[in-house]
Each structure stands twice: as structure tokens, then as C-alpha cells.
Amino acid sequence: TIADPQGAAPLDVIGGGIRFEQVRFHYGRHPTPLFDGLSVAIAPGERVALVGHSGSGKTTFVKLLQRLHDVQGGRILIDGQDIAAATLASLREAIALVPQEPVLFHRSLAENIAYGRPEATMAEIERAARLAHADGFVARLPEGYATLVGERGVKLSGGERQRVAIARAILADRPILVLDEATSSLDSEAERLIQDALEHLMAGRTTLAIAHRLSTVRQADRILVFERGRIVEQGTHEALLKRPDGRYRGLYLMQAAGMELSAA
């Protein structure tokens, strides 16, 4: 149901600065809005982590940025341009997504990495794989980059699929990056490789990380703590931990006790 408005113009994204201005949004006919007057600004190149309990609004926030839903009030700007007036193709071409469950196709590894840039050369594909720490496991495969990964990537482990998704995002080279962490089911070695790959990926990009574990949160320039559709706290990891009765401190202590931050 989401379509280009009449007279839609391509979005011209350079820095990737994001601004939510008095955004109001509710799902379907739900009587209570999830967001009611939500305002926040994210600077170009800033790394921002989104944390909070399930249903607090983290995932909805990034869905609205991609215009997977339309807002009922206010507006969302990227580099000062209202995304509601832009073509959907240009909006989504500005955003790279590394989802919690990467979508792979029953094609070769090379084709899966080049999904966002099918015209990429083999040298560019191999460079992206190297930066994502995917080249090691690719070298062990009998057919290398020509290996078919199976439906939904069943021939690869969870960590390998995640590294392919990161390589795909590196190759796509978009100014805005959305991360939905998927490290909770990985062993420590795979998680270390993925965190290192994410460092390469986040460099110089405006990054929104929906955080389930705190390894990415610690690297964030700013943490937004969501609760029932409101941003109730924001600051660095160190600053928020110093608040004796803070929401973030409470989430952190819960995780330290063995409970992970839940996805939205």
C-alpha cells in the first residue's frame, strides 16, 4: 500500500543525517499511537544504538525510516529532505540493512554478496568478503565463490550467513546502515569476527543498531532508550550506567544476570 506520492523526487543523500520531527504513528486501527510527538536528531556519521524491552518502538523506528509504514503526523527527514516526498527506490537505495535473519538465495556466494550491486566485479566482491571476514570460510569451500548456498543459505552456519550479509552491505556502500544484531546464537569466535567486520562496515556511515547484546552498544556514540514509544534516556554507555535508577542501567544489569535485551 506504500507508493510514491505524485511528483516524488529522488532523495539526494550525502551525509545521512536523520531527523524525526513530532512523529505520530499507530498500527492499523489501534486506538493508542505508539509514537506521539516523537522528535530526535541523528547527525551524519553518528553511531546510535536503540535499546529497550520488546514492543518499546525500536523496530518501528527503523521501519518508519525505510517508509515501510507511513506516519500519521509529523515528518521524517534525511539530509533535510522529507522522505514522504521522495521516491521509494531512492530512499531504500540510501539504506543498507543487516537483519537479524539474513535472507540468502539458492544462488552462488558471489551472487548473494552482490545482491545490492549486481554489476560489481569479482575483485570488489572478494574485497567485501575479506572485510567481512568471510573469505576464510569461502576458501575452504570446494567451489569457492561459485558455491551454491542452498535455499535460505542452509549450507552455511549462522555466523557464515551473517558474514555474507555484512559483505553484502559493505559492497552496497550506502550512507545509512541499519543493524539488527544476530550474535546471540553464535559462538564467541564467530561473534568476535562479526564485531570486527561491523567496525569496517560502520566506519563513516550513519548507523542505527537495534541492540540485543551490549557489545555494539558500547561502541555507539549515543544510546537511545525506548519505552512505550518514547525515548526516556539517551547518552553514552558510560554516562547511562552512572544513573542509579536509570532504565538503561536496569537493562544492563538484567543482561549481566543472563537475560538478553529482547527484540522489538
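The structure this text deals with has already been given above.
Residues numbered from 1 in each chain as written. Predicted model: local features only at pLDDT ≥ 70, side-chain atom pairs only at ≥ 80, totals over all residues. Heavy atoms only, no water.

1. Remarks on the overall build of the protein
Phase 1 of the analysis: The number of helices and strands found in the protein is 10 helices and 10 strands.
Phase 2 of the analysis: In summary, the protein has a C-alpha radius of gyration of 19 Å against a globular reference of 18 Å for 264 residues, a match within 12%.
Phase 3 of the analysis: Seen through its principal axes, the protein has C-alpha atoms that stretch 55 × 55 × 35 Å.
Phase 4 of the analysis: Evaluated residue by residue, the protein yields a buried proportion of 49% over its 264 residues.
Phase 5 of the analysis: Of the contacts made within the protein by residues no fewer than 6 positions apart, 72% connect residues no fewer than 24 positions apart.
Phase 6 of the analysis: In the protein, 31 side chains carry a positive charge and 32 a negative one; their mean positions are 4 Å apart. (Helix = DSSP H or I, 4+ residues; strand = E, 2+ residues; numbered from the N terminus. Rg over C-alpha atoms; globule rule 2.2 N^0.38 Å. Buried < 20%, exposed > 50% of the residue type's maximum accessible area, 1.4 Å probe, protein only. Contact = heavy atoms within 4.5 Å. Lys, Arg positive; Asp, Glu negative; His and termini not counted. Charge placed at Lys NZ, Arg CZ, Asp CG, Glu CD.)

2. Quick word on the packing of aromatic side chains
Phase 1 of the analysis: Under the counting rule described, the total for this entry stands at 5 aromatic pairs.
Phase 2 of the analysis: Centroid distance phenylalanine 35 to phenylalanine 226: 6.5 Å. Interplanar angle 50°. Geometry classified as tilted. Of this pair, phenylalanine 35 sits in strand 2 (residues 35-42) while phenylalanine 226 sits in strand 9 (residues 222-227), and the two are 191 residues apart along the sequence. This pair shows no difference in class: phenylalanine 35 is buried, exactly as phenylalanine 226 is. (Phe/Tyr/Trp six-rings, centres within 6.5 Å; stacked < 30°, edge-to-face > 60°.)

3. Considerations on the pattern of salt bridges
Phase 1 of the analysis: With the rule as written, the count across this model stands at 12 salt bridges.
Phase 2 of the analysis: Ionic pairing is found between glutamate 119 and arginine 117, a salt bridge with its closest N-O pair at 3.4 Å.
Phase 3 of the analysis: For glutamate 119, a relative accessible area of 58% corresponds to the exposed category.
Phase 4 of the analysis: On the basis of relative accessible area, arginine 117 is assigned to the partly exposed category, the value being 22%.
Phase 5 of the analysis: Between arginine 205 and aspartate 173 there is a salt bridge, with its nearest N and O atoms 3.0 Å apart. Of this pair, arginine 205 sits in the loop between helix 7 (188-202) and strand 8 (206-210) while aspartate 173 sits in the loop between helix 6 (158-172) and strand 7 (176-180), and the two are 32 residues apart along the sequence.
Phase 6 of the analysis: The exposed category is assigned to aspartate 173, whose relative accessible area is 52%.
Phase 7 of the analysis: Because the salt bridges share partners, they merge into one network encompassing Arg19, Glu21 and Arg75. (Salt bridge = Lys/Arg side-chain N within 4 Å of Asp/Glu carboxyl O.)

4. A few points about unusual backbone geometry
Phase 1 of the analysis: Unlike most non-glycine residues, histidine 133 shows phi in positive territory, near 60°.
Phase 2 of the analysis: Note on placement: histidine 133 falls in the loop between helix 4 (122-131) and helix 5 (135-139).
Phase 3 of the analysis: One non-glycine residue, aspartate 173, lies in the positive phi region at around 55°.

5. Concerning the pairing of strand 7
Phase 1 of the analysis: Burial analysis of strand 7 places 5 of its 5 residues in the buried class, which makes it a mostly covered element.
Phase 2 of the analysis: Here strand 7 shows two buried faces, one formed by Ile176, Val178 and Asp180 and the other by Leu177 and Leu179.
Phase 3 of the analysis: Pairing of strand 6 (residues 95-98) with strand 7 involves 4 bridges; the strand directions are parallel. Along strand 7, the bridge assignment pairs isoleucine 95 with isoleucine 176. (Pairing = 2+ DSSP bridges.)

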